[in-house]
Amino acid sequence: MSTHQGTFRTDTNHQPVHGKAAMTLQQRAEELDSHDPLAHYRHHFIGSDTPVSYLDGNSLGRPLNRTADDVAAFIREEWGGRLIRSWDEHWLAMPQAIGDQLGRAVLGAAPGQTIIADSTTVVLYKLIRAALAAVADPERNELVLDTENFPTDRYLVEGIALEEGLTLRWIQADPAAGVTVEQVRQATGPRTAVVLLSQIAYRSGHLADLPAITAAVHDAGALVVWDLCHSAGSVEIGLDAAGVDFAAGCTYKYLNGGPGSPAFAYVNHRHLPSLNQPIWGWMGRKDAFEMAAGYEPAAGIRGFLSGTPAILGMIAMQGTLDLIEEASMAAIREKSEKLTAFAVEVFDALLAPLGAELATPRDPARRGSHITVDHPEFTKATVEALWDGDVIPDFRAPHGIRVGLSPLSTSFREVLQGMEAMRNRLQA
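Each value, and the rule that gives it
Residues numbered from 1 in each chain as written. Predicted model: local features only at pLDDT ≥ 70, side-chain atom pairs only at ≥ 80, totals over all residues. Heavy atoms only, no water. UniProt positions renumbered as here; feature names shortened; annotations may be inferred. Helix = DSSP H or I, 4+ residues; strand = E, 2+ residues; numbered from the N terminus. Rg over C-alpha atoms; globule rule 2.2 N^0.38 Å. Buried < 20%, exposed > 50% of the residue type's maximum accessible area, 1.4 Å probe, protein only. Lys, Arg positive; Asp, Glu negative; His and termini not counted. Charge placed at Lys NZ, Arg CZ, Asp CG, Glu CD. Pairing = 2+ DSSP bridges. Phe/Tyr/Trp six-rings, centres within 6.5 Å; stacked < 30°, edge-to-face > 60°. Lys NZ or Arg CZ within 6 Å of the ring centre and 35° of its normal. Core = buried A, V, L, I, M, F, W, Y, C linked by side-chain atoms within 4.5 Å. Contact = heavy atoms within 4.5 Å. pLDDT = per-residue confidence, 0-100.

In the nomenclature of an unreviewed UniProt entry, the chain corresponds to Kynureninase from the organism Pseudarthrobacter scleromae. Quoted verbatim from the Function (unreviewed entry) heading of the UniProt record, the comment on the chain is "Catalyzes the cleavage of L-kynurenine (L-Kyn) and L-3-hydroxykynurenine (L-3OHKyn) into anthranilic acid (AA) and 3-hydroxyanthranilic acid (3-OHAA), respectively." Recorded in UniProt for the chain, the comment headed Sequence similarities (unreviewed entry) runs: "Belongs to the kynureninase family."

**Here we look at the overall build of the chain**
Each helix and strand in the chain was counted, giving 13 helices and 13 strands. Rg of the C-alpha trace for the chain: 23 Å, near the compact-globule value of 22 Å for 428 residues, within the 12% margin. For the C-alpha atoms alone, the extent of the chain along its principal axes is close to 80 × 55 × 35 Å. Out of the 428 residues belonging to the chain, those deemed buried represent 55%. Taking the average place of the 35 positive charges on the side chains of the chain and the average place of its 52 negative ones, the gap between the two points comes to 1 Å.

**Let's talk about the pairing of strand β2 (residues 114-117)**
On any regular strand, side chains alternate: one points to one face of the sheet, the next to the other face. Alternating positions in β2 separate into two faces, Thr114 and Ile116 on one and Ile115 and Ala117 on the other, with burial throughout. When β2 meets strand β8 (residues 263-267), the two strands line up antiparallel, connected through four bridges. Note that in β8 the partner of Ala117 across the bridge is Ala263.

**Overview of the packing of aromatic side chains**
What the rule picks out here adds up to seven aromatic pairs. Taking 6.4 Å as the distance between ring centres and 45° as the angle between the ring planes, the aromatic pair formed by Phe74 and Trp79 counts as tilted. Phe74 sits in the buried class, given a relative accessible area of 4%. An aromatic cluster of three or more residues is present, and its members are Phe74, Trp79, Trp87 and Trp91. Its end group placed over the ring of Phe304, Lys126 keeps NZ or CZ at 4.9 Å from the ring centre.

**Some words on the nonpolar core**
Nonpolar side chains tend to gather and get buried jointly when the protein is soluble and globular. In terms of nonpolar packing, the biggest core is built from 91 residues, with Val106, Leu107, Trp226, Leu228, Leu239, Phe304 and Leu408 touching the most fellow members. Considering every element that reaches this core, the biggest residue donor is helix α10 (residues 311-327), with eight residues. With sequence-adjacent residues up to four places away left out, Leu408 is seen in contact with Leu38, Tyr41, Arg42, Phe45, Leu323, Ile324, Ala327 and Ile332. Ranked by size, the runner-up nonpolar core spans 31 residues in total, among them Leu358, Val373, Val383 and Val403.

**Considerations on the confidence of the model for the chain**
Per-residue confidence for the chain averages 93 on the pLDDT scale, and 95% of its residues sit at or above 70. Across residues 1-20 the pLDDT falls below 50, and counting only partners more than four positions away or on other chains, this stretch makes 26 contacts in the model.

Written out as structure tokens, the structure reads:
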């Protein structure tokens, strides 16, 4: 398979690949971009004016132009200027202040229930253990999870089950269809303690019915922990309205916090008075600087903290949260659906005739903001060759290319450009 990106073959009718069908798609992309009410937000992002087709914002979002200024000002004025005084003046309040903005703008959560802390893996560990501690019935000794969940989620639950002598009950999820309400009802019962699921499947992009599944878990008398890594900033969530118990997610995807930016934790207010999280650290104590013997947790969501907050890692996400509040999650979700619908349209025209398969639900309402395309010839080397040509999706073994579409920073032209390159790789 050639790695040359500049050579184009003809289709089976001996028409150039830039012929009538391709021009129609080009016109569609131009029309969608010209009528996109969020198009002007693209200019807030570094690199949006380059030829790069960035289709991996669901793994690492582009930085905002203002982020460079925000970080520089932080270094000069707060870290460099105020030095350690900044802890008392501003920094200690940041985890909850940004958490409240995240809850308001993205999660559908009232103040005092969301905090920025740790990595997603550590947050999920804390939440699962806190959920287990909140289960009073000793007969409830089963953890429910699905086979298609992200590896960290599966590994954590397996480890916790081993630590606590609990039983795992696996939902055998369809890789393309995802976990259904019916499957959750079948898997839960009087022995279920906690259910851990992702709102959006990381491979297929399937969007789980969070309200209905949460209700089903509660009907079984159990608690639910949701992983929102692929949904925060791409779909409307509504944690409070759905009565979700616990949720976690990262901030470096659609929230553009940058590589390694800290995660967030959501704990429903009804669980906060008795919150018992397992990693006791000085920042989660009622008075972190008292340095006294014994651990007494801080009241409310602050008791979820353990170690020193990653202040520098919180700076970048503030700009995106401001943009999300300005644009609204409803408008962002509307564009996300249009982006994935156009990606499916391009798939049908350019990739399906070459034997590719769509591993993502076709109904926009049942998917998040990425699609996955499978083909026997797609390998990690295929994606590396695309990267060399400034087309940047990501690879999901064994034969999937994931096309991630970040609504505030991705254009329709960018989608077409990237998927044309995928077609050209198959034809090379």
